[in-house]
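# Observations on chain architecture
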Amino acid sequence: MTDAQVEAQKYLDIILSSEIRADLVSLFRKNPGIIDTPEGIARRMGYLPKVIQSDLDEITGLGVIGKKKLGNREIYFLNHDRDTEVQQTIGSFLQNLKPTP
Amino acid sequence: MTRIKSGIAELDQMLRGGFMEKDAVLLAGSAGAGKTTLALQYIVNGIKLFGTPGIYVTFEQLPDQIYRDANSFGWDLRKLEEENKLRIICTSPDLILSSEDGQSILDYPIKEIHPGRIVIDSMSHLQMYIGEKNFRLEVYRLVSQLKSRGLSSILLWETSQLMGQISSISDMGMSFLVDSIILLKPVEIDSTIRRALVILKMRGSDHDKSLREYYIDGSLGFVVQSPFENFEGILSGSAHRTSGEAFVKTLAAIGSRKKEK
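Nothing here was measured: the structure is a model prediction, and the numbers come from that model. (Residues numbered from 1 in each chain as written. Chains lettered and ligands numbered in written order. Predicted model: local features only at pLDDT ≥ 70, side-chain atom pairs only at ≥ 80, totals over all residues.)

Time to look at the domain arrangement of chain B. We note that the domain assignment places domain 1 (3–228) and domain 2 (230–261) within chain B. Relative to domain 2 of chain B, the C-alpha centre of domain 1 of chain B lies at a distance of 37 Å. (Domains from an automatic or database assignment.)

Right, dumping it as structure tokens:
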């Protein structure tokens with residue numbers, strides 16, 4: 001596998017390893033204007049904050065979701081450039097997949 | 001004096017040319033009255049007709065739903081965002097107030113697109129977060145912040161009463177803090193629900209004081225019509241024909257019964 005394919009596989013493993021992570025990415029992509037605290041994000045997804053926190057941290061670690069401080073609160077937002085990069089990497093990977101004989 | 005037009009011709013006539021620049025306008029109405037549609041149209045018209053970028057802040061409705069609803073009127077909001085003419089910000093109400101170090105969630109979008117208009121949807125949600133005790137103070141702070149940034153704002157407020165007489169727009173003193181108030185109200189006339197718009201207040205300017213009927217058109221958006229005629233008591237929840245009109249109607253009914261005989 002090429003480096004790009006390895007990277008794409010890593011992204012897919014992270015994003016698809018839990019329903020909450022996939023839902024988080026989907027939520028921010030469909031609603032790129034969301035800028036909110038973990039409590040606000042969890043509420044929009046129908047969860048309690050502690051349920052989504054670790055998955056939110058993983059997706060933030062991937063760079064798709066950005067994090068910054070506003071006063072003493074941490075807020076999360078879609079990192080457009082990084083999200084586009086990840087989508088393109090995954091897209092290329094999937095396009096080049098050949099069916100196994 | 002610069003006027004900020006809504007782009008809805010009849011409404012701008014009622015406002016004697018438009019809202020006053022940098023004014024805070026309270027747009028009040030019950031659920032389903034059309035507040036979001038009017039507010040979105042204010043932003044979209046600002047961009048398309050007057051070249052003024054805008055920000056739409058939503059606390060409850062997701063942007064995805066707003067995109068979908070706007071599409072039904074032919075407004076492509078995603079495209080306007082791509083063109084850096086619009087930002088739809090979806091956040092928690094308390095984040096809209098600036099933090100202790102002076103930072104605001106609006107800092108970045110304002111720097112990005114240099115808006116002249118903003119909608120806050122809605123102040124009712126903000127009240128739920130802040131609580132009654134601090135609400136008036138925080139709204140004053142928010143309104144001052146928006147004005148200092150040169151933004152002409154529409155603040156949505158959900159009135160609790162769907163029908164009948166409204167004794168006050170809000171219990172929290174919002175009416176005193178804003179420069180203009182527009183009320184949207186469903187009214188019952190002749191066993192049919194119709195919609196009434198009235199400008200209750202406009203600081204520093206004359207305005208149309210009549211009750212106008214409005215409707216929401218699938219392709220035009222918010223449409224303001226002519227004033228209600230021959231009815232009184234509309235806002236009280238007991239609309240009835242004026243005595244002159246009732247007399248004419250009775251005469252006409254007697255006349256048609258005589259003809260039938």
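Further notes follow.
Residue and element names in this part refer to chain A. Here 3 strands make up an open sheet; going across it, the order is 1-3-2 and the pairing antiparallel. Edge strands, defined here as strands with exactly one partner in the open sheet, are strand 1 (35–36) and strand 2 (65–70). One ladder, built from 2 bridges, connects strand 1 with strand 3 (residues 73–78); its direction is antiparallel. Looking at the pairing, Asp-36 lines up with Tyr-76 of strand 3. (Pairing = 2+ DSSP bridges. Helix = DSSP H or I, 4+ residues; strand = E, 2+ residues; numbered from the N terminus.)

Our next topic: the sheet that holds strand 5 (residues 86–90) of chain B. Residue and element names in this part refer to chain B. Judged by pairing direction, the sheet is mixed, and its 9 strands sit side by side in the order 5-4-6-7-3-8-9-10-11 without closing on themselves. Every other strand in the sheet has two partners, leaving strand 5 and strand 11 (221–227) as the edge strands with one partner each. Looking at each pair of strands side by side, their axes are set apart by 25 degrees on average, direction ignored. Pairing between strand 9 (residues 192–202) and strand 10 (residues 212–217): 2 bridges, direction antiparallel. (Axes fitted to C-alpha atoms, helices over the stretch in contact; angles between N-to-C directions.)

Residue and element names in this part refer to chain B. Among the nonpolar cores identified, the biggest contains 87 residues, and Leu-27, Val-119 and Leu-155 are the most heavily contacted of them. With 7 residues, helix 2 (residues 35–50) is the largest single contributor of residues to this core. With residues near it in sequence (within four places) discarded, Leu-155 still touches Ala-24, Val-25, Leu-26, Leu-27, Ile-120, Met-123 and Val-178. (Core = buried A, V, L, I, M, F, W, Y, C linked by C-beta atoms within 7 Å. Buried ≥ 20, exposed ≤ 12 C-beta atoms within 10 Å, placed from the backbone. Contact = placed C-beta atoms within 7 Å.)

Residue and element names in this part refer to chain B. Burial within strand 3 (residues 24–29) is extensive, with 6 of its 6 residues counted as buried. The alternating pattern of strand 3 places Ala-24, Leu-26 and Ala-28 on one face and Val-25, Leu-27 and Gly-29 on the opposite face, and all of these are buried. The pairing of strand 3 with strand 7 (residues 152–158) spans 6 bridges and is classified as parallel. Looking at strand 7, one finds that Leu-26 is bridged to Leu-155. One ladder, built from 5 bridges, connects strand 3 with strand 8 (residues 180–189); its direction is parallel. Across the sheet, Ala-28 pairs through a bridge with Leu-183, a residue of strand 8.

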